[in-house]
Amino acid sequence: MTAILSKESLANTLQHLPIPQIHYYDEIDSTNEQALKLASDLAEEYTLLIAERQTAGRGRMGRRWVTTEGSSLAFTIIFKPNKQEIGKLSLFSLLGGLAVCRTIQSKYGADAQVKWPNDVLMDSKKTAGILAETCWQGEKLTGLVLGIGINLLPGSVPPADELLFPATCVQAHCGQQVERLEFLSAVLGQIIELRNMIMKPAFMQEYTSRLAFIGQQVQLSARSGKTANGILVGVDNEGQLILKNEAGKQKSYPIGDLHLRPGTNQSNNT
Ligand code: BTN
């Protein structure tokens, strides 16, 4: 039986972490939406928002994100990037996927990879998604919110006909019962550890070491319908994806509204 999320159970489980405030909701539209409201105000770094149900959970590229009560995790953590980090905000987006991979490996000894920029795959199926959004007051960045949705238990996996990419849950791959509060505590610990090394070369090195599809043919598609095909070479220091085309020429693609999937050998139209 998996633990119930509540204000009290969260406060107890997370008391060893430097989280200044925990906002728990039985039901909310979207933890990212609420976090953006708080980030524009006085919320401190690592303020956590977590919900059992989201009525308007959102994903990348305007997609919907479904949070299944009792079997998944849906939370958002607020960051306050410093001046130096403002030029590299994309890295925060990568941090979430890396933290989930680390947690799966260290707690259960199971393998997980990041699908650029920040989906988490186990056995080539998606088990977590991340949505980073920023909050500005004029020219001033007041916060970056990192929303993370994780399929932990079998009930969290949406029906295949609703999916663009095959999905799975953590428990299906780690041969033991996954406990939601324990997982949450571990992943928040990893987020805090990685946040302290986000500007160091070791961060991108570790990210690259966990990148799915390296050396394979992939296709990037934009919402406009434009596509780019090539061999996935890696990511640069800004987190941009590097593809090599048929002529051997390398091109970088920024994190944005681009969707990556394994591909066939086709020409580019981006
Ligand atoms: C994706 O895969 O497209 C990203 C999904 C991000 C979902 C999380 S769940 C918590 C937070 N609140 C939201 O509305 N979205 C993010």
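Residues numbered from 1 in each chain as written. Predicted model: local features only at pLDDT ≥ 70, side-chain atom pairs only at ≥ 80, totals over all residues. Heavy atoms only, no water.

Overview of the side chain of Ser30
Piece 1. When you line up the elements, Ser30 lands in the loop between β1 (22-28) and α2 (31-39).
Piece 2. Within the structure, Ser30 has its side chain in polar contact with the backbone nitrogen of Asn32 (distance 3.2 Å).
Piece 3. Setting aside chain neighbours within four positions, we find Ser30 in contact with Gln54, Ala56, Gly57 and Arg58. (Helix = DSSP H or I, 4+ residues; strand = E, 2+ residues; numbered from the N terminus. Polar contact = N/O pair within 3.5 Å; in protein donor to acceptor, adjacent residues only side chain to side chain. Contact = heavy atoms within 4.5 Å.)

Some details on the nonpolar core
Piece 1. Counting residues in hydrophobic clusters, the biggest one holds 70 residues, and the most contacted among them are Phe75, Ile150, Val170, Phe183, Leu188 and Phe203.
Piece 2. Among the elements that line this core, the one with the most residues is helix α4 (residues 90-108), at 10 residues.
Piece 3. Those residues in contact with Phe75 that sit more than four places away from it in its chain are Thr31, Leu48, Leu49, Ile50, Leu146, Gly147, Ile148, Ile150, Leu184, Val187, Leu188 and Ile191. (Core = buried A, V, L, I, M, F, W, Y, C linked by side-chain atoms within 4.5 Å. Buried < 20%, exposed > 50% of the residue type's maximum accessible area, 1.4 Å probe, protein only.)

Points about the sheet that holds strand β8 (residues 217-222)
Piece 1. Pairing is antiparallel across the open sheet formed by five strands, whose spatial order is β11-β10-β9-β8-β12. Strands with a single pairing partner mark the edges of an open sheet, and in this sheet they are β11 (250-253) and β12 (258-262). Here the strands of the sheet are splayed against their neighbours by 45° on average, with no regard to which way each runs.
Piece 2. Bridge count between β8 and strand β9 (residues 227-235): five bridges; the pairing is antiparallel. Bridge pairing in β9 links Gln219 to Asn229. (Pairing = 2+ DSSP bridges. Axes fitted to C-alpha atoms, helices over the stretch in contact; angles between N-to-C directions.)

Let's talk about the site of the ligand
Piece 1. Around the ligand there are 20 residues in total, and Ser30, Gln54, Arg58, Arg60 and Lys126 lie nearest to it.
Piece 2. Within the side chain of Gln54, an N or O atom sits 2.9 Å from a nitrogen atom of the ligand.
Piece 3. Arg60 is positioned with one of its backbone polar atoms (N or O) 2.6 Å from an oxygen atom of the ligand.
Piece 4. Of all the elements in the fold, those that place two or more residues in the shell around the ligand are α2, β3 (72-79), β6 (125-137) and β7 (140-151).
Piece 5. At four residues, the largest contribution of residues to the shell around the ligand is made by β6.
Piece 6. A class-by-class count of the residues in the shell around the ligand yields six nonpolar, 10 polar and four charged. (Near = heavy atom within 4 Å. Nonpolar A, V, L, I, M, F, W, Y, C, P; charged D, E, K, R; others polar.)

Structural notes on the sheet that holds strand β4 (residues 113-115)
Piece 1. One open sheet accounts for seven strands, arranged β1-β2-β3-β7-β6-β5-β4; its pairing is mixed. The sheet is open, and its two edges are formed by β1 and β4, each paired on a single side. Here the average twist between neighbouring strands, direction ignored, is 20°.
Piece 2. For strand β5 (residues 119-122) and β6, the ladder comprises three bridges, and the chain directions are antiparallel. Across the sheet, the residue bridging to Val120 is Ala128, located in β6.
Piece 3. Packing of α4 onto the sheet brings it into contact with β3, β4, β5, β6 and β7, and relative to β7 it is tilted by some 35°.

A closer look at the packing of α4 against helix α6 (residues 180-195)
Piece 1. Running from amino to carboxyl end, α4 crosses α6 at an angle of 130°, the nearest separation of the two axes being 8 Å. By the angle between their directions, the pair α4 and α6 is classed as oblique. Regarding α4 and α6, the two cross each other, and that crossing is right-handed. Contacts from Phe92, Leu95, Leu98, Ala99, Val100, Arg102, Thr103, Ile104, Ser106, Lys107 and Tyr108 of α4 reach α6 at Glu182, Phe183, Ala186, Val187, Gln190, Ile191, Glu193, Leu194 and Arg195. (Parallel < 35°, antiparallel > 145°, perpendicular 65-115°, else oblique. Left-handed = near helix turned anticlockwise from the far one by under 90°.)

Overview of the packing of α4 against helix α7 (residues 201-209)
Piece 1. Interaxial distance between α4 and α7 falls to 10 Å at its minimum, and their mutual angle equals 60°. As far as their axial angle goes, α7 and α4 are oblique. Remark: the crossing between α4 and α7 carries left-handed chirality. When α4 is examined against α7, the residues Leu91, Leu94, Leu95, Leu98 and Arg102 are found in contact with a partner set consisting of Phe203, Met204, Glu206 and Tyr207.

Observations concerning unusual backbone geometry
Piece 1. Here Trp116 and Pro117 are connected by a cis peptide whose omega angle stands at 0°.
Piece 2. Here Pro117 lies in the loop between β4 and β5.
Piece 3. Positive phi, close to 75°, is recorded for Tyr46, a residue that is not glycine.
Piece 4. On the secondary structure map, Tyr46 appears in the loop between α2 and β2 (48-54).
Piece 5. The exposure class assigned to Tyr46 is buried, which follows from its relative accessible area of 9%.

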